[in-house]
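Residues per chain are reported as follows:
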Amino acid sequence: MLAQVRRIEIKTKALSGNIFAGEYHSAFKGRGMSFAEVREYQIGDDVRDIDWNVTARTARPHLKVFEEERELSVMLLIDVSGSLDFGSTKTTQRQLLTEVAATLAFSAIGNNDRIGVIFFSDRIERFIPPSKGRKHILRIIRELLELQPASRGTDVGVAIEYLMRVERKRCIAFLMSDFVGCGDFFRLAGMAARRHDLVVLRLSDCRMRELPDVGLVQLEDAETGEVRLIDTSVKSVREIYARKWRENDEKLRQQLRKQGIDMGELETGKDFVRVLVDLFRRRI
């Protein structure tokens, strides 16, 4: 376990420091403004910022100066349901999720932000409040590797509701899931996006989009345990499966666009670096 944690730390810390530093800082700047000082008015200043009380006292125009609040809270909403154990390459979705989450965590503390995690299935499995420091990040990585969820189902809405209860102030929230059997969470996502900076990271595997032609296959639902025998040699079976995936995919995209929520697509066996960099740059 220590070796796994150390390997993930070395890889993801290097990625966050060497690749994401600039993009992360630009994409997730402090959104709030705090009062800094009062100074004398200069030509070109915005008259809306004039402090009329100070101006009246001094008989010279003065204005309030505000500065951006740099420190932010970053929350990772991480799906730990049974379907994330699937992967047709050397990497499962859960392993990919672990590396992406660790990279985002190191990017956050490198940007002087606090990082917290909500692990969820169809219930809240564990909550790690936002904090800073290497020890805190290593704790998150250990939880990502070790956590055995009490349930294997998925309910994204549960995680979003919990986020809105525990984080009253605006934060950056990364919602990470394969969105398999996730239910209708879009209304809650829209509410969360109005309060927080919500970003969706959808994980997938190429075999989730289409079935290969390999004859009779016994498939088990990773979340419900239901078992079915499928004849993948039948073309119509493969076409129906692929069509269902496309329909669900389009529904997810349309609803997120409607709510103004950005989404990045992460796939097992592929480099997630480019996906995150492109996502960050779209937000600048």
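Model, not experiment: these values are computed from the prediction.

Caption draft 1: Looking closely at the overall build of the protein chain. When you go through the protein chain residue by residue, the secondary structure sums to nine helices and ten strands. The 284 residues of the protein chain split such that 45% are buried. Put simply, 73% of the contacts in the protein chain that link residues at least 6 apart link residues at least 24 apart. Put simply, the protein chain shows about 15100 Å² of open surface, and 48% of that area lies on carbon and sulfur atoms.

Caption draft 2: Region of the structure containing the pairing of strand β6 (residues 172–177). Along β6, six of the six residues are buried, which leaves the element largely enclosed by surrounding structure. Burial along β6 is two-sided: Ile172, Phe174 and Met176 facing one way and Ala173, Leu175 and Ser177 facing the other are all buried. In terms of strand pairing, strand β3 (residues 73–79) meets β6 through five bridges, oriented parallel. From the neighbouring strand, Leu77 faces β6, where its bridge partner is Leu175. Two elements, β6 and strand β7 (residues 197–204), share six bridges in a ladder whose sense is parallel. Counted as the bridge partner of Met176 is Leu201 from β7. Crossover β6 to β7 through helix α6 (residues 186–195) is right-handed.

Caption draft 3: Fine view of the nonpolar core. Residues Leu76, Ile78, Val100, Phe174, Met176 and Leu201 are the most contacted members of the largest nonpolar core, which totals 41 residues. Elements supplying a minimum of two residues to this core: α1 (2–27), β3, α3 (93–110), β4 (114–120), α4 (134–146), β6, β7 and α9 (272–282). When residues no more than four places from it in sequence are discounted, the contact partners of Leu201 are Val100, Leu104, Phe174, Leu175, Met176, Ser177, Phe179, Gly264, Leu266, Leu276 and Leu279. Membership of the second largest hydrophobic core comes to 26 residues, among which are Ile118, Ala159, Ile160 and Phe185.

Caption draft 4: Quick look at the confidence of the model for the protein chain. Looking at the protein chain, the pLDDT average stands at 88 and 90% of residues meet or exceed 70. Taking the mean pLDDT of every element in the protein chain, the minimum, 68, falls on strand β1 (residues 33–40) and the maximum, 97, on strand β5 (residues 124–131).

Caption draft 5: Focus on the packing of α3 against α4. Here α3 crosses α4 at 170°, and the two axes come no closer than 10 Å. Put simply, α3 runs roughly antiparallel to α4. Here Leu97, Thr98, Ala101, Ala102, Ala105, Phe106 and Ile109 of α3 lie close against α4, whose contacting residues are Ile137, Ile141, Leu144 and Leu145. Looking at the contact of α3 with α4 residue by residue, the classes come out as ten nonpolar, one polar and no charged.

Caption draft 6: Highlighting the sheet that holds β7. Read from one edge to the other, the open sheet built from six strands follows the order β5-β4-β3-β6-β7-β10, with strand pairing classed as mixed. Of all the strands in the sheet, the pair left with one neighbour each is β5 and β10 (262–267). Pairwise comparison of adjacent strand axes, ignoring direction, gives a mean angle of 15° for this sheet. Sheet topology note: the β4/β5 ladder contains five bridges and is antiparallel. Note that in β5 the partner of Ile118 across the bridge is Phe127.

Caption draft 7: A look at unusual backbone geometry. Phi angles above zero are rare outside glycine, and Ala59 is one such case at about 65°. Within the secondary structure layout, Ala59 lies in the loop between α2 (52–58) and β2 (62–68). Ala59 sits in the exposed class, given a relative accessible area of 69%.

The rules we used
- Residues numbered from 1 in each chain as written.
- Predicted model: local features only at pLDDT ≥ 70, side-chain atom pairs only at ≥ 80, totals over all residues.
- Heavy atoms only, no water.
- Helix = DSSP H or I, 4+ residues; strand = E, 2+ residues; numbered from the N terminus.
- Buried < 20%, exposed > 50% of the residue type's maximum accessible area, 1.4 Å probe, protein only.
- Contact = heavy atoms within 4.5 Å.
- Areas by Shrake-Rupley, 256 points an atom, 1.4 Å probe, with all protein chains shown as cover.
- Pairing = 2+ DSSP bridges.
- Right-handed = clockwise from strand over helix to strand, strands pointing away.
- Core = buried A, V, L, I, M, F, W, Y, C linked by side-chain atoms within 4.5 Å.
- pLDDT = per-residue confidence, 0-100.
- Axes fitted to C-alpha atoms, helices over the stretch in contact; angles between N-to-C directions.
- Parallel < 35°, antiparallel > 145°, perpendicular 65-115°, else oblique.
- Nonpolar A, V, L, I, M, F, W, Y, C, P; charged D, E, K, R; others polar.

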